[in-house]
Amino acid sequence: MLSSFLIIKFLLAIAVFAISLGVAAYATYGERKVAAFMQDRIGPDRAGPFGLLQPIADGVKMFMKEDFVPANSNKFLFVLGPSIAMTTALMTAVVVPWASPVNGVALQVTDINIGLLYVFGVVSIGVYGIMIGGWASNNKYSLLGALRASSQMISYEIAMGLSLISIVMITGTMSLGKIVEQQSLGYWNVFLQPLAFLIFLICSFAETNRAPFDLPECETELVGGYHTEYSSMKLGFYLFSEYVNMFNSGAIMASLFFGGYNLPFASYFAQMVGQNWILSLIQFLFFFGKILFFIFLFMWVRWTLPRFRYDQLMTLGWKILLPLSILNIVATGIFMYMSGQIQ
Amino acid sequence: MQLTNRSKQVSNTEMTFSESLYLPAILNGMAITFKHMFKKEATVRFPDQDRPIAPVYRGQHVLKRDENGAERCTACGLCAVACPAEAITMEAAERKKGEETLYREEKYAAVYEINMLRCIFCGLCEEACPKEAIFLTDRIVSAEDLREDFIYGKSKLVEDTQHRVDVTRRQTEEVLEFKHDKSKYHNQTHEDGKDIIHPWKH
């Protein structure tokens, strides 16, 4: 019994690992295609049909590059930086429920009762990857990028966490599995907490260092930001972890606000198909579609909006999003008291 | 002066509440980028796909041979004089006995060089040529790594007898007629019994 449990969890972990990396690889291709289409261009189309082999070509290129370590850098921390960035990026997806249970086996690596806290903990460690990498490079641009990254991510984590407190208030749980299950019965959380979703969305742009919050990288000002001195697969890890993070925040947003794997009118579908593996498959595909939409949203915003100025970034985080999220908590509390959900 | 209908008067007034939210403006911008996803791309996949060129397009030069395969150029130097960019240089030589099949006239260009980096492809050399020896064609001058490689000598300029260069491809009927019109100054000679009419004297 224990061994079968371990095997199933092991397989699930491998699957999540593979899906995260695969989606991230093709997100790099998608990013370039979306950018091209939005600028009336074609995008990569040389490697394979429609350029579909481009991520493989990019990966091979990354591996073949010289693995350069600057002379006066801290060698250990220089390697540690991208490792932390990649590890933490891959750790988040384990608490995400992928579909309703098949034959009593939950399609989720682990449903810990503090899933949300776990996500936040892992994301907070992620900033160390960027900070250590920028510091160890012994380069002023890298250090500036790392400084920006750490202050930005710490500032926006606060508003992000506070926006989720209202979700925890209305669902009464921190387990992602339970939050998704609850949404199969009632409304999706986005209709109950639109402001929390908006704040969470903006903060997840900032947390993944995506435009318009890409000040840590900021090609036009800081050369490459925290990864200026990086090359070869170490650079690849940094760039890749950004896409894995995009996938993860898409998954978290879909689970928390858009019903996770639940289809619209979930109970009707469950009656039609029956509670079996076909329903789980449809749910998985539907969840995947939601994640892909969010990844597209990330790209869409990147190729629409210009970058924030640094003081604007801080103003938005501390003076607007933070008070708004506190206001949202208070409003949710008052509403729940008025409607008699809490005494 | 108004150049387009898209110009907007810039104002420094306070933003209204909806403007200070920024969200409507952001959504508006995203709608614009989304619309562009379905627009036709402007890209021409160049080596695979040629861009359509005008019928009078002026590209890489060719030094023509006559119907017997002899070089038409007689190294008179009129093209070099006409060239506003001073891209053309040449060295003349006298035709030896037995070279009649190689060179049409008694004098020929031993060296004929066009610097393609200097050339502005104006076509004045073609217009100046009294022997109909030099033409601009619809070919594109290829990219090179070294500056020296852009100086095209006779090896690159003179057409191959086996593979003649079709100069009519870029010539419209009007251009052809113009080139062969004897009343025009560029084809007039003293042998015609008339004075050369210089266009700048009109």
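For clarity, every value in this text was computed on a predicted model and none was experimentally measured. (Residues numbered from 1 in each chain as written. Chains lettered and ligands numbered in written order. Predicted model: local features only at pLDDT ≥ 70, side-chain atom pairs only at ≥ 80, totals over all residues.)

**Overview of the overall build of chain A**
Along the backbone of chain A there are 13 helices and two strands. Its C-alpha atoms put chain A at 60 × 50 × 45 Å along the principal axes. Expressed as a percentage of its 343 residues, the buried residues of chain A come to 43%. (Helix = DSSP H or I, 4+ residues; strand = E, 2+ residues; numbered from the N terminus. Buried ≥ 20, exposed ≤ 12 C-beta atoms within 10 Å, placed from the backbone.)

**Thoughts on the overall build of chain B**
Helix and strand counts for chain B come out as six helices and five strands. For chain B, the α and β elements follow one another from N to C terminus as α-α-β-α-β-β-α-β-β-α-α. Burial statistics for chain B: of 202 residues in total, 15% are counted as buried. Taking contacts inside chain B between residues at least 6 apart in sequence as the whole, the part at least 24 apart equals 71%. (Contact = placed C-beta atoms within 7 Å.)

**Some thoughts on the confidence of the model for chain B**
Residues and elements named next belong to chain B. With 83% of its residues at a pLDDT of 70 or more, chain B has an overall mean of 81. This stretch, residues 186-190, has a pLDDT under 50; its non-local contacts, to residues over four places away or in other chains, come to eight contacts. Note on residues 192-202: pLDDT is under 50 here. Beyond four places in sequence and across chains, it has seven contacts. With pTM at 0.77, the complex prediction returns an ipTM value of 0.78. (pLDDT = per-residue confidence, 0-100.)

**Details of the sheet that holds strand S3 (residues 107-115) of chain B**
All names here are of chain B. Strand order in the open sheet formed by three strands is S2-S3-S5, with antiparallel pairing between adjacent strands. Single-partner strands in this sheet number two, and they are strand S2 (88-94) and strand S5 (151-152). Bridge analysis of S2 against S3 gives seven bridges, and the strand direction is antiparallel. Among the inter-strand pairings, Met 90 is bridged to a residue of S3, identified as Tyr 112. (Pairing = 2+ DSSP bridges.)

**Here we look at unusual backbone geometry**
The backbone of Asn209(A) sits at a positive phi, close to 55°, despite the residue not being glycine. Counting through the fold element by element, Asn209(A) comes out in the loop between helix H8 (194-207) and helix H9 (219-222). For Asn209(A), a count of 26 C-beta atoms within 10 Å corresponds to the buried category. Positive phi outside glycine occurs at Ala75(B), with the angle close to 55°. Within the fold, Ala75(B) resides in the loop between strand S1 (61-63) and helix H3 (78-82).

**Some words on the interface of chain B and chain A**
Bring the parts together and some accessible area is lost; that lost area is often taken as the interface size. Across the contact, eleven residues belong to chain B and ten residues belong to chain A. For the side of chain B that touches chain A, the per-class residue count stands at five nonpolar, four polar and two charged. (Nonpolar A, V, L, I, M, F, W, Y, C, P; charged D, E, K, R; others polar.)

**Brief notes about the pairing of S3(B)**
Where S3(B) meets S5(B), two bridges bridge the pair, whose relative direction is antiparallel. If you follow Asn115(B) over to S5(B), its bridge partner there is Ile151(B).

**Some words on the environment of Arg46(A)**
In this fold, Arg46(A) is placed in the loop between helix H1 (2-38) and helix H2 (54-64). Between the C-alpha atom of Arg46(A) and that of Val301(A), which follows or precedes it by 255 residues, the distance is 26 Å.

**A look at the nonpolar core**
All names here are of chain A. Among the nonpolar cores identified, the biggest contains 80 residues, and Phe 200, Cys 203, Phe 247, Met 253 and Ile 295 are the most heavily contacted of them. A total of 14 residues in this core trace back to one element, the largest contributor, which is helix H10 (residues 232-257). If near-sequence neighbours (up to four positions away) are discounted, Phe 247 is found in contact with Ser 20, Val 23, Ala 24, Ala 27, Ile 291 and Ile 295. (Core = buried A, V, L, I, M, F, W, Y, C linked by C-beta atoms within 7 Å.)

**Brief notes about helix H3 (residues 75-91) of chain A**
Residue and element names in this part refer to chain A. Relative to the 24 Å expected for 17 residues at 1.5 Å per residue, H3 spans 25 Å between its end C-alpha atoms, a close match to the ideal helical length. Along H3, the residues that are buried comprise Phe 78, Gly 81, Pro 82, Ile 84, Ala 85, Met 86, Thr 88, Ala 89 and Leu 90. Residues of H3 that are buried make contact with H1, helix H4 (115-136) and H10. (Expected span 1.5 Å × (residues − 1).)

**Remarks on the environment of Cys129(B)**
All names here are of chain B. For Cys 129, the location among the structural elements is in the loop between helix H4 (124-128) and strand S4 (134-136). Under the C-beta neighbour-count criterion, Cys 129 is labelled buried, with 22 such atoms within 10 Å. Taking the C-alpha atoms as reference points, Cys 129 and Ala 82, 47 residues apart in sequence, are found 9.1 Å from one another. Apart from residues no more than four positions distant in its own chain, Cys 129 is found in contact with Leu 78, Cys 79 and Ile 134.

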